[in-house]
Amino acid sequence: MKLTVIKPIFAESASLLVNHASRYTGKILIKKDHWVIDAKSLLGLLALSLQPGQVVEFDFDGEQDDEFIDALIEAGLFEK
């Protein structure tokens, strides 16, 4: 699923995203350009340096988890 970044993903917001991702047993990948990182990796997420307006793709191992996506949207980090 592709989402657009609303708020820069640094420190606190990156930690929030990693904490949400860590609640799920399956693998969640975040793709931006040529980068592919595990959503449970704080260093990987910080390396992406996500800025407002950028589009990233979330890829789930198995079924897409709508609760995870909804939590990110409710936190004000992304929009569909």
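Structure first, text after, so check above.
Keep in mind that this is a model prediction, so the values were computed, not measured.

Help me get a handle on the pairing of strand 1 (residues 2-5), residues and values and all.
Of the pairings in the sheet, the one linking strand 1 to strand 4 (residues 55-60) comprises three bridges and is antiparallel in character. Each residue of the ladder has a partner; that of Lys2, found in strand 4, is Glu57. As paired strands, strand 1 and strand 5 (residues 78-79) are joined by two bridges and run antiparallel to one another. By the bridge assignment, Val5 is partnered in strand 5 with Phe78.

Before we move on, can you summarise the pairing of strand 2 (residues 28-32) with the specific residues and values?
Residue alternation in strand 2 divides its side chains into a buried set, Ile28, Ile30 and Lys32, and an unburied set, Leu29 and Lys31. Inspection of the sheet shows strand 2 paired to strand 4 by four bridges, in the antiparallel sense. Looking at the pairing, Ile28 lines up with Phe60 of strand 4.

Could you give me a rundown of the environment of Leu48, with the residues and numbers involved?
The topology assignment puts Leu48 in helix 2 (residues 42-48). Overall, Leu48 belongs to the buried group, its relative accessible area being 2%. The spacing of Leu48 and Asp33 is 15 residues in sequence and 9.6 Å in space, taken between C-alpha atoms. Setting aside anything within four residues of it in sequence, one finds Leu48 in contact with Ile30, Lys32, Trp35 and Ile37.

Explain a negative patch on the surface to me, using residue names and the numbers behind them.
A cluster of acidic side chains, namely Asp66, Glu67, Asp70 and Glu74, defines a negative patch on the protein surface. Checked against the element boundaries, Asp66 lands in helix 3 (residues 66-74).

What counts as what
- Residues numbered from 1 in each chain as written.
- Predicted model: local features only at pLDDT ≥ 70, side-chain atom pairs only at ≥ 80, totals over all residues.
- Heavy atoms only, no water.
- Pairing = 2+ DSSP bridges.
- Helix = DSSP H or I, 4+ residues; strand = E, 2+ residues; numbered from the N terminus.
- Buried < 20%, exposed > 50% of the residue type's maximum accessible area, 1.4 Å probe, protein only.
- Contact = heavy atoms within 4.5 Å.
- Patch = residues over 30% accessible without salt bridge, like charges linked within 9 Å, V, L, I, M, F, W, Y side chains within 5 Å.
- Areas by Shrake-Rupley, 256 points an atom, 1.4 Å probe, with all protein chains shown as cover.
- Salt bridge = Lys/Arg side-chain N within 4 Å of Asp/Glu carboxyl O.
- Lys, Arg positive; Asp, Glu negative; His and termini not counted.
- Charge placed at Lys NZ, Arg CZ, Asp CG, Glu CD.

Read these as layout, nothing more, since geometry by itself doesn't imply function.
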